[in-house]
Amino acid sequence: TERTREASFDTPSGLNTISGYGTDYVEINQKPYHHAVLVSPSGAILAWPVVSFAALNAADFSLVCAQKPELFILGTGARQHFPKFSAGSFIEFSEV
């Protein structure tokens, strides 16, 4: 695995920090993850059971919405991709 980006800054104690990323992983708190994850500023890093971007559907976001994030960033790999379902499909899983 080629390391493409590495962050270099002080990590605040007790907070999850993205410390690097590459074409097939994201590194959080100096630990690489080679599968989809949900990360919040603090607390557990959760596996997100998404097999691939092509298989992603609105129902996959129910776990995201359960975390009640203020911000959600979807990393799609080396190329930027956009989900093919509407924002309304996503919103139905949230408690807006």
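Calculation rules
Residues numbered from 1 in each chain as written. Predicted model: local features only at pLDDT ≥ 70, side-chain atom pairs only at ≥ 80, totals over all residues. Heavy atoms only, no water. Helix = DSSP H or I, 4+ residues; strand = E, 2+ residues; numbered from the N terminus. Buried < 20%, exposed > 50% of the residue type's maximum accessible area, 1.4 Å probe, protein only. Contact = heavy atoms within 4.5 Å. pLDDT = per-residue confidence, 0-100. Polar contact = N/O pair within 3.5 Å; in protein donor to acceptor, adjacent residues only side chain to side chain.

Chemist: So what's going on with the overall build of the chain? Which residues, and what values?
Modeler: Looking only at helices and strands, one finds two helices and six strands in the chain. Helices and strands appear in the chain in the N-to-C order β-β-β-β-β-β-α-α. Looking at the 96 residues of the chain, the share that counts as buried comes to 23%. Long-range pairs, those at least 24 residues apart, make up 29% of the contacts in the chain between residues at least 6 apart in sequence.

Chemist: Go over the environment of L74, please, and point to the residues and values.
Modeler: For L74, the location among the structural elements is in the loop between α1 (62-66) and α2 (87-91). Owing to a relative accessible area of 27%, L74 belongs among the partly exposed residues under this scheme. When the C-alpha atoms of L74 and L38 are compared, they prove to be 9.7 Å apart, with 36 residues separating the residues in sequence. Contact partners of L74, with chain neighbours within four places excluded, come to W48, F53, L56 and P83.

Chemist: So what's going on with the confidence of the model for the chain? Residues and values would help.
Modeler: For the chain, per-residue confidence averages 80 on the pLDDT scale, and 75% of positions sit at 70 or higher. Mean pLDDT in the chain bottoms out at strand β1 (residues 3-6), which sits at 57, and peaks at strand β4 (residues 31-33), which reaches 96.

Chemist: Quick one: what's the story with the side chain of T76, residue by residue and with numbers?
Modeler: Along the chain, T76 turns up in the loop between α1 and α2. By relative accessible area, T76 is classed as buried at 19%. A polar contact is formed between the side chain of T76 and the backbone oxygen of R79, at a distance of 2.8 Å. From its side chain, T76 meets the backbone nitrogen of H81 in a polar contact 3.1 Å long. Beyond its immediate chain neighbours, meaning those up to four positions away, T76 contacts F53 and H81.

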